[in-house]
Amino acid sequence: MINFRKAKFVKSACGKDDVLYDYDHVLFVGKSNVGKSSLLNALCDNKGLAYVSKTPGHTKLLNHFLVDEQFYLVDAPGYGYRKLGKKDQFDEMMSQYFEHNPRLKLVVWLLDSRHEPSDDDCNFYEYLSKLKVPALIVLTKCDKLNQSERFKIKRTIENLFETSDYIMVSSLKKQGIEELQKRIGDTML
Ligand SMILES: Nc1nc2c(ncn2[C@@H]2O[C@H](COP(=O)(O)OP(=O)(O)O)[C@@H](O)[C@H]2O)c(=O)[nH]1
Ligand SMILES: [Mg+2]
């Protein structure tokens, strides 16, 4: 059993040369504001672990959190946040990260359950499909949905991404958190 409460911040990396390879990686990725930091905090039952922001695009770094001395949870910068005319910072740093990381064991891909996946989400799906890394879809903020909205987003995800393997979570209401812990544990142990 992994003790997710035993999680500690270790390092912010700003490029592939700063990334730590002494433990395996579970990457958290999704567009800005999808709820990545909140989910990390809920998963580790530690509100102060990752910075929860009101302004999108806050995280520009790969933040390493060591869980139970076993693996890193890595909080990636959100994609889909571009300054006009500038290349998405995500593209450069993340393609380096993905393509040079033998320790990446699982990608936890977060999608906002309140919205249809965006073009950025779909582009990321294309990219992810080409990588040889297992991915787990997590639908965030499910506390905001009623029954029919839940049904609708599930159908959309199943159609777009051709899988019925996803977890619905609410960091706010602590729903789906144990299931996510179990899925990560099964992959990492
Ligand atoms: N209702 C609800 N709001 C959430 C949930 N998770 C995150 N949020 C809110 O969404 C916003 C972005 O969250 P954050 O974790 O910083 O997203 P990040 O940019 O992906 O790291 C914040 O205002 C959070 O309070 C959730 O499970 N339910
Ligand atoms: Mg964040």
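Residues numbered from 1 in each chain as written. Chains lettered and ligands numbered in written order. Predicted model: local features only at pLDDT ≥ 70, side-chain atom pairs only at ≥ 80, totals over all residues. Heavy atoms only, no water.

Comments concerning the site of ligand 1
Among the 15 residues in the neighbourhood of ligand 1, the closest are listed as Asn 33, Lys 36, Ser 38, Asp 143 and Ser 171. Measuring from an oxygen atom of ligand 1, one finds a side-chain N or O atom of Ser 37 at 2.9 Å. The separation between an oxygen atom of ligand 1 and a polar main-chain atom of Ser 171 is 2.8 Å. Here ligand 1, which alone exposes 590 Å², has 83% of that area covered by the protein. In terms of residue class, the shell around ligand 1 is made up of three nonpolar, seven polar and five charged. (Near = heavy atom within 4 Å. Polar contact = N/O pair within 3.5 Å; in protein donor to acceptor, adjacent residues only side chain to side chain. Areas by Shrake-Rupley, 256 points an atom, 1.4 Å probe, with all protein chains shown as cover. Nonpolar A, V, L, I, M, F, W, Y, C, P; charged D, E, K, R; others polar.)

Re the pattern of salt bridges
Between side chains of opposite charge, a pair can form as their charged atoms come close. Tallied over the entire structure, the rule returns 11 salt bridges. Between Asp 24 and Arg 103 there is a salt bridge, with its nearest N and O atoms 2.9 Å apart. Of the two residues, Asp 24 sits in strand 2 (residues 24-30) while Arg 103 sits in the loop between helix 2 (89-99) and strand 5 (104-112), which places them 79 residues apart along the sequence. Ionic contacts of the salt-bridge type, sharing partners, join the residues Asp 24, Arg 103 and Lys 105 into one network. (Salt bridge = Lys/Arg side-chain N within 4 Å of Asp/Glu carboxyl O. Helix = DSSP H or I, 4+ residues; strand = E, 2+ residues; numbered from the N terminus.)

Topic: the nonpolar core
Grouped together as the largest cluster of nonpolar side chains are 32 residues, with contacts concentrated most on Leu 27, Leu 62, Tyr 97, Phe 98 and Trp 109. Not counting the four nearest positions on each side in its chain, Tyr 97 is found in contact with Val 19, His 25, Leu 27, Leu 62, Val 74 and Leu 104. If you look at the next biggest cluster of nonpolar residues, it comprises 28 residues, including Cys 44, Leu 106, Leu 136 and Val 169. (Core = buried A, V, L, I, M, F, W, Y, C linked by side-chain atoms within 4.5 Å. Buried < 20%, exposed > 50% of the residue type's maximum accessible area, 1.4 Å probe, protein only. Contact = heavy atoms within 4.5 Å.)

Concerning the pairing of strand 4 (residues 71-75)
The element strand 4 is extensively covered by neighbouring structure, given that five of its five residues are classed as buried. Across the two faces of strand 4 the burial is the same, with Phe 71, Leu 73 and Asp 75 and Tyr 72 and Val 74 all buried. Here strand 2 pairs with strand 4 via five bridges, running parallel. When the bridges of strand 4 are listed, His 25 appears paired with Tyr 72. Bridge analysis of strand 3 (residues 62-67) against strand 4 gives five bridges, and the strand direction is antiparallel. The residue bridging Phe 65 from the neighbouring strand is Leu 73, located in strand 4. (Pairing = 2+ DSSP bridges.)

Some details on helix 4 (residues 147-161)
An ideal rise of 1.5 Å per residue puts 21 Å on 15 residues; helix 4 measures up with 21 Å between its terminal C-alpha atoms. Among the residues of helix 4, those classed as buried are Ile 153, Thr 156, Ile 157 and Phe 161. Down the axis of helix 4, the smallest arc covering the buried residues is 95 degrees, so these residues share one side. Residues of helix 4 that are exposed and point over 90 degrees away from its buried face: Gln 147, Ser 148, Phe 151 and Asn 159. Where the residues of helix 4 are buried, they touch strand 5, helix 3 (119-130), strand 6 (135-140) and strand 7 (166-168). Capping the start of helix 4, Asn 146 holds a side-chain oxygen 3.1 Å from the backbone nitrogen of Ser 148, two or three residues further along. Following helix 4 by one or two positions, Glu 162 has its phi on the positive side, about 50 degrees. (Expected span 1.5 Å × (residues − 1). Arc of directions from axis to C-beta.)

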